[in-house]
Amino acid sequence: MEELTFTLANFEGPLDLLLALIGKNKMDLHDIPIFDLIEQYMAVIRSVQDRQLDVASEFIEMAAHLVQMKSYLLLPRSDEAERMRQELTGQLIEYDMCKKMAGRLKAMSEDVYIAVRRPAEPEQKAGYPLHHDPQLLIDAWDALQGRGMRRKPPSAERFDTIVAAPFVSVSSRVVHVLRGLVTGKLRTLHQLFLKSDTRSTTVATFLAVLELVRHGRLQIEDDNSLSMNHKKLAGKQQTEEPQWT
């Protein structure tokens, strides 16, 4: 291999220099003699360092990578050396294809005439000369905010049904349930909860049933029928009555 002298400023990077070495020495890009290529590359780097101390870091990095590859290649059998060799070969082939394509694109663009004119001046001043009612602008702004932003706070009339709803105590519903059981008018659980009842009535009735069941005065059968424990009721009448709220 002949001794070659290069100026690194003429190359875009270490791969560009390696391709130049391969071309000068007429190497097969798909079957590169790695040892010869490494020696040529290191010789170029050393000669450049002798003439100028400042060498781009990317060229030094490639030199270190090639030295590491050479150390692996000196081993009898090294999978890492084969991997590094294939990786370098693939990079060089890909870089060579990119350079050739870039050359073709450059040649194609040389015959294309590109002319750029100055942008045309506007015929009138930029701006919106029309005038509108301010309310139209407000409505347009509200429309941009989305439905969630346009929601107005609820009126006081919407809370009248909640605030003015009558309060039903649990104790009054306990009396209602016991009276229904004693008179025989109340036989099933469904009779306690009517669609016409208010929410407060339904909640108070539910709590009253829980209290009666917990104290053993009321029993709910599997078929939702209700029965009153008279023994429990008689025993409780001689003790202090539980308080419900």
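Whatever comes next refers back to the structure up there.
Residues numbered from 1 in each chain as written. Predicted model: local features only at pLDDT ≥ 70, side-chain atom pairs only at ≥ 80, totals over all residues. Heavy atoms only, no water.

### Some remarks on the pattern of salt bridges
Working step 1: Summed over the entire model, instances satisfying the criterion amount to seven salt bridges.
Working step 2: A salt bridge links Glu39 to Lys70; the shortest N-O distance between them is 2.3 Å. Taken together, the positions of Glu39 in helix H2 (residues 34-51) and Lys70 in helix H3 (residues 57-73) put the pair 31 residues apart, joining distant regions of the chain.
Working step 3: We classify Glu39 as partly exposed; its relative accessible area is 36%.
Working step 4: Judged by relative accessible area, which is 25%, Lys70 ranks as partly exposed.
Working step 5: In this structure, Glu80 and Arg83 form a salt bridge, with 2.5 Å as the shortest nitrogen-oxygen distance. Residue Glu80 and its partner Arg83 are located together in helix H4 (residues 79-110), separated by three residues, close to a single helical turn.
Working step 6: Where salt bridges share partners, they join Glu80, Arg83 and Glu87 into one cluster. (Salt bridge = Lys/Arg side-chain N within 4 Å of Asp/Glu carboxyl O. Helix = DSSP H or I, 4+ residues; strand = E, 2+ residues; numbered from the N terminus. Buried < 20%, exposed > 50% of the residue type's maximum accessible area, 1.4 Å probe, protein only.)

### Things to note about helix H1 (residues 14-24)
Working step 1: Extensive coverage of H1 is indicated by the burial of eight of its eleven residues.
Working step 2: Buried within H1 are the following residues: Pro14, Leu15, Asp16, Leu17, Leu18, Leu19, Leu21 and Ile22.
Working step 3: Positive backbone phi, approximately 55°, marks Lys26, located one or two places after H1.

### Looking at the packing of H1 against H4
Working step 1: Two elements in contact, H1 and H4, have axes whose closest approach is 10 Å; the angle formed by their N-to-C orientations is 90°. In terms of orientation, H1 lies roughly perpendicular with respect to H4. Two secondary-structure elements touch here, H1 through Leu15, Asp16, Leu18, Leu19 and Ile22 and H4 through Leu88, Gln91, Leu92, Tyr95, Asp96 and Lys99.
Working step 2: Considered class by class, the residues forming the contact of H1 with H4 number seven nonpolar, one polar and three charged. (Axes fitted to C-alpha atoms, helices over the stretch in contact; angles between N-to-C directions. Parallel < 35°, antiparallel > 145°, perpendicular 65-115°, else oblique. Contact = heavy atoms within 4.5 Å. Nonpolar A, V, L, I, M, F, W, Y, C, P; charged D, E, K, R; others polar.)

### Some details on the environment of Ser200
Working step 1: Checked against the element boundaries, Ser200 lands in helix H9 (residues 199-214).
Working step 2: The spacing of Ser200 and Val170 is 30 residues in sequence and 9.8 Å in space, taken between C-alpha atoms.
Working step 3: Residues in contact with Ser200, not counting those within four places in the same chain, are Pro166, Phe167 and Val168.

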